Amino acid sequence: MILFPQGRPTHRETFGEYCAAGGYQAVTKNILDEIIASGLTGRGGAGFPVGRKWSVAAETDADARYIICNAGEDEPGSFKDRVLLEYRPHLVLEGIILAARAIAAERAYVYLNETYDECFSRMTTAIDDAKAAGYLRGITVTVHPAPTVYVAGEDSAAIEVLEGKPPKPRQKPPYPAAAGLFGKPTVVNNVETLANVPPIVRNGATWFRRFGTPEYPGTMIFCLGEEMRDPGAYELPFGTTLRQLYENVGGGLKDHQQLKAILPGGPSCAFLTADQLDISLDPESLNQAGSSLGCGVMRFYPEGTCMVDETLRIAQFFARESCGQCPACRMETEMLSTILERIRQGKGDAALFNQFQKIIDFNRGKGYCALINMPGPPIMSALRLFGEEFEFHLQHGGHGSCE
Ligand SMILES: Cc1cc2nc3c(=O)[nH]c(=O)nc-3n(C[C@H](O)[C@H](O)[C@H](O)COP(=O)(O)O)c2cc1C
């Protein structure tokens, strides 16, 4: 596979091992052209084409440019960035170096979740080793702590933090690629995105396109949680079916529990049901099924899960994590979780069900960042797929079973 030789992290690679396998030798080719031709898209959630973002930064007239490797990783259930930094720090670092050379940046930051102590030590050692060997010529790479709040991973909030301010997203445009850190062109890419860059530059775009689907070349790391028999981070090509991931890779749910629901892309995506396991794992197929792939956090729910409780938990997460600077976002996230709480406790009538879509439609796009659009898909899909559970709760409150 592209990022993990055996499709999963098995060995904490050293500088010597990375170099012996051809590492740090990819610097002379035309990096930007190769990345554009590869069709690489961002792995941090939004799936934006990497070549296009880099082109904007490279073509914007400026006396300084920056790279930010986004390792904020506060999405519940996500640990792929941590695993990449722990097991393959040089792969990520070479990706940062190549990105910096592609856009002529002289400074790069690893914006690292402040609780990731092991990653900090692996990455600082990697930087020291690469520097001593002369691979960082003309580029300064530093590790900077990222606060552990969800919104701190949003690209413009990360830029605010690097400027010494609280993690609050900026209004866009301008987008960071044109005017980011200190107002200069700044490429913010996820750890996994940057880890794909050295293999592409070394082996070529045609080689990379052998993995995945024609529209979505390459692989993605999927995080399976503790509800599975074999939890872990697994690298699979786009186009693998959800069933392969669930049954063959994850081994199904623990204790042979029956599958009830799937959240295929983290808390901001729409639920799927057990009969949708044959969907292909690529952004377009998930979109057609009304959901999304996000940054690859897969959650599988067993029979017996109360979907009202689960939906409420997600809504409360967004209400808690809204940074509060956009009134529409604060109002929306609080109202959605309050209404869900009332339904769960059986306080109110069926008119409450009509409120969700109205609140979501009214607020769509009215925040500085995408968090305002995140609570809607899980709520609306849960109401559509598991409506009888919500009705049961409305009638009986928390008493009895909604199963
Ligand atoms: C609320 C919120 C939190 C985010 N958290 C992260 C994060 O922890 N890591 C990340 O890479 N991207 C995160 N993103 C996405 C970033 O804004 C940005 O799209 C991404 O870092 C770009 O990298 P990519 O193009 O390589 O995916 C978040 C977005 C939002 C709206």
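The structure under discussion appears in the preceding block.
As the structure is a computational prediction, the values presented were derived from the model and not from experiment. (Residues numbered from 1 in each chain as written. Predicted model: local features only at pLDDT ≥ 70, side-chain atom pairs only at ≥ 80, totals over all residues. Heavy atoms only, no water.)

A. Structural view of a nonpolar patch on the surface. Side chains of M331, M335 and F362 sit close together on the surface and give an oily, nonpolar patch of about 280 Å² of accessible area. Its location among the elements puts M335 in helix 14 (residues 327-345). The exposure class assigned to M335 is partly exposed, which follows from its relative accessible area of 34%. (Patch = residues over 30% accessible without salt bridge, like charges linked within 9 Å, V, L, I, M, F, W, Y side chains within 5 Å. Areas by Shrake-Rupley, 256 points an atom, 1.4 Å probe, with all protein chains shown as cover. Salt bridge = Lys/Arg side-chain N within 4 Å of Asp/Glu carboxyl O. Helix = DSSP H or I, 4+ residues; strand = E, 2+ residues; numbered from the N terminus. Buried < 20%, exposed > 50% of the residue type's maximum accessible area, 1.4 Å probe, protein only.)

B. Spotlight on helix 7 (residues 155-162). For helix 7, a buried count of seven out of eight residues is recorded, marking the element as mostly surrounded by other parts of the structure. Here the buried face of helix 7 lies against strand 1 (66-71), strand 2 (107-113), strand 3 (140-146) and strand 4 (186-190). Positive backbone phi, at 90 degrees, marks G164, one or two positions downstream of helix 7. (Contact = heavy atoms within 4.5 Å.)

C. Looking closely at the sheet that holds strand 3. Taken in spatial order, the four strands make up an open sheet running 3-2-1-4, and their pairing is parallel. Looking along the sheet, the strands with just one partner apiece sit at the ends: strand 3 and strand 4. Between one strand and the next, the sheet's axes are offset by a mean angle of 20 degrees, whatever the strand orientation. Where strand 2 and strand 3 come together, seven bridges link them in parallel fashion. Its bridge partner being in strand 3, Y111 is matched across the sheet by H144. (Pairing = 2+ DSSP bridges. Axes fitted to C-alpha atoms, helices over the stretch in contact; angles between N-to-C directions.)

D. Layout of the nonpolar core. Core analysis: the largest hydrophobic core is formed by 59 residues, its most contacted members being W54, I67, V92, L93, I96, M123 and V141. A per-element tally of this core places helix 5 (residues 89-103) first, with ten residues. If we skip the residues at most four places from it in the chain, L93 touches Y24, M123, A126, I127, A130 and V141. Membership of the second largest hydrophobic core comes to 37 residues, among which are C369, L371, L383 and F390. (Core = buried A, V, L, I, M, F, W, Y, C linked by side-chain atoms within 4.5 Å.)

E. Region of the structure containing helix 15 (residues 355-363). When helix 15 is considered as a whole, its buried residues turn out to be F356, I359, I360 and N363. Down the axis of helix 15, the buried side of the element spans an arc of 95 degrees, and every buried residue falls inside it. Facing away from the buried side of helix 15, by more than 90 degrees, are the exposed residues K358 and F362. Close packing links the buried residues of helix 15 with helix 14 and helix 16 (376-385). Just downstream of helix 15 lies G365, where phi reads positive at about 75 degrees. (Arc of directions from axis to C-beta.)

F. Layout of the site of the ligand. Lining the immediate environment of the ligand, one finds 19 residues, of which G44, D155, N189, N190 and T193 sit closest. The separation between a nitrogen atom of the ligand and a polar main-chain atom of G153 is 3.4 Å. In the environment of the ligand, an oxygen atom lies 2.7 Å from a nitrogen or oxygen atom belonging to the side chain of T193. Sorting elements by how many residues they give to the shell around the ligand places strand 4 first, with three residues. When grouped by side-chain class, the residues that make up the shell around the ligand number five nonpolar, eight polar and six charged. For the shell around the ligand, the domains that each give at least three residues are domain 1 (15-208) and domain 3 (307-396). (Near = heavy atom within 4 Å. Polar contact = N/O pair within 3.5 Å; in protein donor to acceptor, adjacent residues only side chain to side chain. Nonpolar A, V, L, I, M, F, W, Y, C, P; charged D, E, K, R; others polar. Domains from an automatic or database assignment.)

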